[in-house]
Amino acid sequence: MEVSKTAEKIKKMEIRGAGDIARATARALRDTAKKSDATNLEELKKDIDEASETLLSSRPTAVSLPNSIRLITKNLKQYQTLNEGRNDVIERANRFIERSKKSLETLGRIGSKRIRDGDTILTHCNSEAALSIIKTADKTKNIKVIATESRPRLQGKITARELAENNIPVTLIVDSAVRSAMKNVDIVVVGADAIGVNGAVANKIGTSQIALAANEARVTFMVAAETYKFSPKTAVGEPIKIEERSEKEVWEKCPNNICISNPAFDFTPPEYIDLICTEIGMISPHMSYSILKEEFDWTIEELKNE
Ligand code: RUB
């Protein structure tokens, strides 16, 4: 798919969810490298840079998007020939897509061990990472799921439908029912759009309220996230940007004298998070810096000098 089409689909949320956004970005960069009519390496770099800019402007919060670009274009500057550069981008993009799928499988296996037979799991929005844990657990245990509606875009319905199609018992609730539902919940499992160096998790608006309710009820709160959801820029002081979406999503024909605020994500502070389940293991949110060092040390060094 053309880069502009991919960016447009991400903007309109036809492609959505941090993992899917990252893989679509990888495919778009791979296709740019494949189809570029550059006659030298400099021209290829220009094409890749332009494609990256277009993709980056689509949605601001999911750090998986800039991270996939970083990982795919990592070595481009070092190459001497057009072919080396082109092949490296194609190979890295393919590897990223494979890695993304494999990570989901692995973290699903790891996270499922925290789910006990008979558990009721509450999840928010629609996260393939959270669903990977839930579906893996369902293979060997009797579980039930409570899915929140996730206003205004109602991604909870996608989750509910997917679980029902997999014969996993699911109850859909409105977002404001979370606290009253919490008394029947054994564990909360949600995804992440971005994780800061301090361990705070940006995820679908409402996640932090769920974490508060879970904390009050002493219910385990687990985040499912591939390591490419950690944000290297936060290590050099830059905050994660929360996307503000159109007021029309909340109220189509809103009277003129009413203001609407529609942030798409919020931050859950690390003290409300018991575990982050990644493909390299279960970690505490306080280990965020170590993950960033391991995965993105080279980026952090470059970002320091920007
Ligand atoms: C989706 C959302 C998901 C994360 C993680 O928001 O908040 O929980 O992106 O998803 P939106 P995944 O619908 O606005 O993109 O685990 O699939 O990467």
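Located above this text is the structure these notes cover.
Residues numbered from 1 in each chain as written. Predicted model: local features only at pLDDT ≥ 70, side-chain atom pairs only at ≥ 80, totals over all residues. Heavy atoms only, no water.

Peer 1: Mind laying out a positive patch on the surface, listing which residues take part and the relevant values?
Peer 2: A cluster of basic residues, Lys-102, Arg-109, Lys-113 and Lys-139, forms a positive patch on the protein surface. Within the secondary structure, Lys-102 sits in helix α5 (residues 82-112). Given a relative accessible area of 49%, Lys-102 falls into the partly exposed group. (Patch = residues over 30% accessible without salt bridge, like charges linked within 9 Å, V, L, I, M, F, W, Y side chains within 5 Å. Areas by Shrake-Rupley, 256 points an atom, 1.4 Å probe, with all protein chains shown as cover. Salt bridge = Lys/Arg side-chain N within 4 Å of Asp/Glu carboxyl O. Lys, Arg positive; Asp, Glu negative; His and termini not counted. Charge placed at Lys NZ, Arg CZ, Asp CG, Glu CD. Helix = DSSP H or I, 4+ residues; strand = E, 2+ residues; numbered from the N terminus. Buried < 20%, exposed > 50% of the residue type's maximum accessible area, 1.4 Å probe, protein only.)

Peer 1: Let's hear about unusual backbone geometry: which residues, and what values?
Peer 2: Glycine aside, residues mostly have negative phi angles, and peptide bonds mostly take the trans form. With an omega dihedral of 0°, the bond running from Arg-151 to Pro-152 counts as a cis peptide bond. Note that Pro-152 resides in the loop between β2 (144-148) and α7 (155-165). Backbone geometry places Ser-150, a non-glycine residue, at a positive phi of 65°. Its location among the elements puts Ser-150 in the loop between β2 and α7. Positive phi, close to 60°, is recorded for Leu-154, a residue that is not glycine. Residue placement: Leu-154 occurs in the loop between β2 and α7. Here Leu-154 falls in the partly exposed class, since its relative accessible area comes to 26%.

Peer 1: Report on the layout of surface pockets, specifying residues and quantitative values.
Peer 2: By volume, the largest pocket amounts to about 960 Å³. Leu-56, Pro-66, Ile-69, Arg-70 and Lys-233 are the residues nearest the centre of the largest pocket, which is lined by 33 residues in total. Residue assignment for the lining of the largest pocket shows that the elements contributing at least two residues are α3 (41-56), α4 (64-73) and α10 (288-304). Considering every element that reaches the lining of the largest pocket, the biggest residue donor is α3, with six residues. Split by residue class, the lining of the largest pocket holds 15 nonpolar, six polar and twelve charged. Mapping the lining of the largest pocket onto the domain boundaries places at least three of its residues in each of domain 1 (3-105) and domain 2 (106-304). Size it by volume and the second largest pocket reaches roughly 320 Å³. Lining the second largest pocket are 24 residues; nearest its centre among them are Arg-16, Gly-17, Ala-18, Asn-126 and Ser-127. Of all the secondary-structure elements, those providing two or more residues to the lining of the second largest pocket are α2 (18-35), α6 (128-140), α7 and β6 (201-204). Ranked by residues supplied to the lining of the second largest pocket, first place goes to α2 with four residues. Broken down by class, the residue content of the lining of the second largest pocket amounts to seven nonpolar, eight polar and nine charged. Each of domain 1 (3-105) and domain 2 (106-304) contributes no fewer than three residues to the lining of the second largest pocket. (1 Å grid on protein atoms, 1.4 Å probe; cavity = no way out; pocket = protein on both sides within 12 Å on 5 of 7 lines; lining within 4 Å. Points joined across faces, edges and corners; volume = space filled by probe spheres on them. Nonpolar A, V, L, I, M, F, W, Y, C, P; charged D, E, K, R; others polar. Domains from an automatic or database assignment.)

Purely geometric numbers; function is a separate question.
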